[in-house]
Amino acid sequence: MNYTKIIEEVYQDVKNIDDKGHIATYIPELGNVSPENFGIHISTIDSKEFGIGTYNKKFSIQSIAKILSVTLAYSILGEEIWQRLGVEPSGTTFNSLVQLETDKGIPRNPFINSGAMVICDILLSHLKNPKQDFLTFVREVAGNSTLNYSKNIADSEKSAGFRNIALYNFIKSFGNIKNDASEVLDFYFSLCSLEMDCKELSKTFLYLANSGRQIDNNHQILNKSQTKRINALMQTCGFYDESGEFAFKVGLPGKSGVGGGIIAIHPHKYTIAVWSPKLKRKFVQSHAVFRTIYHKNAIFNILKIG
Ligand code: GLN
């Protein structure tokens, strides 16, 4: 399979689509990113890689980082974590409060903000130096000791984090959060502020395409069954209230972030990261890349739809 040729063609096709998206500005610092950035990077489990466009410029990975936090919590506590949160698609936006009332403070899944906050709470209770230990874990998984949080992004989100503060309090009122607001929110905002480029992203998540094992050193991050389950959650919940659409049009487990990044996994084959910061309800360019690749019926047809 000539990945290089396919990605190159798709990049050129999508680059010129009429693109009416806007950068997310509810986190003020994200508004400083140039809307013209557009990069793609693919990494295969047999160590081939290819990038095009701004694939080596770092950006705020935002909710993509929630895959790493749930991975760490799952690897420490196993199935026990599912007593604190569910595995169902929410059908609501990432920061919705409504379901928590009927669900009595048990978030539907680990990718909506409420679920990611409960995962942060679990990690706070089990790590000695939570922020540092989590960063060490991310660096190990990525095989890259230079990765870091962005203090600017985390501070910026904190300054405008009213809805996340509300989510914290709501869950706390049901007793499903143990640690203090300042600790949970600080950890959550730091997690979301992690920065990577498309190349780093696609390499980091190769373990999900490789039955839970890192490619470079064979280190087992999650066991095989846990890996399938994280992929299943990405497939069903990775895009919030657009998860069905991504599954329908692309068919791969994936995860978006409001910084404009998307990571998708083709189990046993490769991972692919796309970054285009212009969003509207749907991520205009990033989604178009996946749809175009799919329509080329080339490398994404695992479900053989259509
Ligand atoms: N940090 C963001 C928030 O809580 C994450 C949202 C996202 O990427 N979907 O609003």
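All figures in this text were calculated on a predicted structure; none of them were measured in a lab.

### Section: the overall build of the protein chain
Looking only at helices and strands, the protein chain has twelve helices and seven strands in total. Here the C-alpha radius of gyration of the protein chain, 18 Å, is about what a compact globule of 306 residues would show, namely 19 Å. If one aligns the C-alpha atoms of the protein chain with their principal axes, the spans along those axes are about 50 × 40 × 40 Å. For the protein chain, the share of sequence-separated contacts (at least 6 apart) that also reach a separation of at least 24 residues comes to 68%. In the structure as shown, the protein chain presents an accessible area of about 12,700 Å², 51% of it carried by carbon and sulfur atoms. Distance between charge centres in the protein chain, computed from 34 positive and 29 negative side chains, equals 4 Å.

### Some points on the packing of helix H4 (residues 113-126) against helix H7 (residues 162-173)
Axis separation between H4 and H7 bottoms out at 10 Å; the angle between their running directions is 65 degrees. In this structure, the crossing between H4 and H7 has a hand that is right-handed. The segment H4 lies against H7, with Asn113, Ser114, Met117 and Val118 engaging Asn164, Leu167, Tyr168 and Ile171. Classifying every residue of the contact of H4 with H7 by side-chain character gives five nonpolar, three polar and no charged.

### Digging into helix H1 (residues 3-15)
Helix length check: H1 (13 residues) gives 18 Å between terminal C-alpha atoms against 18 Å at 1.5 Å per residue, within 8%. Restricting attention to buried positions, one finds in H1 the residues Tyr3, Ile6, Ile7, Val10, Tyr11 and Val14. Buried residues of H1, viewed axially, fall in a sector of 130 degrees; they line one side.

### A word on the site of the ligand
Taken together, Tyr26, Gln62, Ser63, Phe94, Asn113, Glu157, Asn164, Tyr188, Cys192, Tyr240, Gly257 and Val258 are the residues near the ligand. With respect to the ligand, the side chain of Asn113 contributes an N or O atom lying 2.8 Å from an oxygen atom. Within the contact set of the ligand, a nitrogen atom lies 2.7 Å away from a side-chain nitrogen or oxygen of Glu157.

### Looking at the environment of Lys255
Among the structural elements, Lys255 can be located in strand S5 (residues 254-256). A polar contact of 3.1 Å, which involves the side chain of Lys255, links it to the side chain of Tyr240.

### Focus: the confidence of the model for the protein chain
Summing up the model confidence of the protein chain, the mean pLDDT is 91 and the portion of residues at 70 or higher is 90%. In the model, residues 297-306 has pLDDT below 50 throughout and makes 29 contacts with residues more than four positions away in sequence or in other chains.

### Some thoughts on unusual backbone geometry
The phi dihedral of Asn218 falls on the positive side, at around 65 degrees, and the residue is not glycine. Within the secondary structure, Asn218 sits in the loop between helix H9 (198-204) and helix H10 (224-237).

### What to know about the packing of aromatic side chains
On inspection of all chains with the given rule, the structure shows twelve aromatic pairs. Ring geometry for Phe94 versus Tyr240: centroids 5.6 Å apart, planes at 50 degrees, classification tilted. Note that Phe94 is positioned in the loop between helix H2 (65-77) and helix H3 (98-102) and Tyr240 in the loop between H10 and helix H11 (243-249), a separation of 146 residues in sequence. Where Phe134 meets Phe187, the ring centres are 5.9 Å apart and the plane angle is 80 degrees; that geometry is what we call edge-to-face. Taken together, the residues Phe134 in helix H5 (residues 130-142) and Phe187 in helix H8 (residues 181-192) connect sequence positions 53 residues apart. Assessed through its relative accessible area of 0%, Phe134 is described here as buried. Through a chain of ring-to-ring contacts, the aromatic side chains of Tyr26, Phe94 and Tyr240 assemble into a single cluster.

### Observations regarding the nonpolar core
Across soluble globular proteins, nonpolar side chains have a tendency to be buried as a group. The biggest cluster of nonpolar side chains holds 62 residues, and the ones touching the most others in it are Ile67, Phe134, Phe205 and Tyr207. Not counting the four nearest positions on each side in its chain, Ile67 is found in contact with Phe111, Phe205, Tyr207, Leu208, Ile230, Met234, Lys255 and Ile263.

### Some remarks on the pattern of salt bridges
Evaluation of the coordinates by the stated rule reveals twelve salt bridges. Of the charged contacts in the structure, one is a salt bridge between Glu79 and Arg229, with a shortest N-O distance of 3.5 Å. Taken together, the residues Glu79 in the loop between H2 and H3 and Arg229 in helix H10 connect sequence positions 150 residues apart. Its relative accessible area of 40% is what places Glu79 among the partly exposed residues. Between Asp121 and Arg84 there is a salt bridge whose closest N-O contact spans 2.7 Å. A residue pair is termed long-range when its members are at least 10 positions apart, and Asp121 in helix H4 and Arg84 in the loop between H2 and H3 qualify at 37 residues. On the basis of relative accessible area, Asp121 is assigned to the buried category, the value being 0%. Overlapping salt bridges, with partners in common, bring together Glu49, Lys199 and Lys203 in one network.

What counts and how
- Residues numbered from 1 in each chain as written.
- Predicted model: local features only at pLDDT ≥ 70, side-chain atom pairs only at ≥ 80, totals over all residues.
- Heavy atoms only, no water.
- Helix = DSSP H or I, 4+ residues; strand = E, 2+ residues; numbered from the N terminus.
- Rg over C-alpha atoms; globule rule 2.2 N^0.38 Å.
- Contact = heavy atoms within 4.5 Å.
- Areas by Shrake-Rupley, 256 points an atom, 1.4 Å probe, with all protein chains shown as cover.
- Lys, Arg positive; Asp, Glu negative; His and termini not counted.
- Charge placed at Lys NZ, Arg CZ, Asp CG, Glu CD.
- Axes fitted to C-alpha atoms, helices over the stretch in contact; angles between N-to-C directions.
- Left-handed = near helix turned anticlockwise from the far one by under 90°.
- Nonpolar A, V, L, I, M, F, W, Y, C, P; charged D, E, K, R; others polar.
- Expected span 1.5 Å × (residues − 1).
- Buried < 20%, exposed > 50% of the residue type's maximum accessible area, 1.4 Å probe, protein only.
- Arc of directions from axis to C-beta.
- Near = heavy atom within 4 Å.
- Polar contact = N/O pair within 3.5 Å; in protein donor to acceptor, adjacent residues only side chain to side chain.
- pLDDT = per-residue confidence, 0-100.
- Phe/Tyr/Trp six-rings, centres within 6.5 Å; stacked < 30°, edge-to-face > 60°.
- Core = buried A, V, L, I, M, F, W, Y, C linked by side-chain atoms within 4.5 Å.
- Salt bridge = Lys/Arg side-chain N within 4 Å of Asp/Glu carboxyl O.

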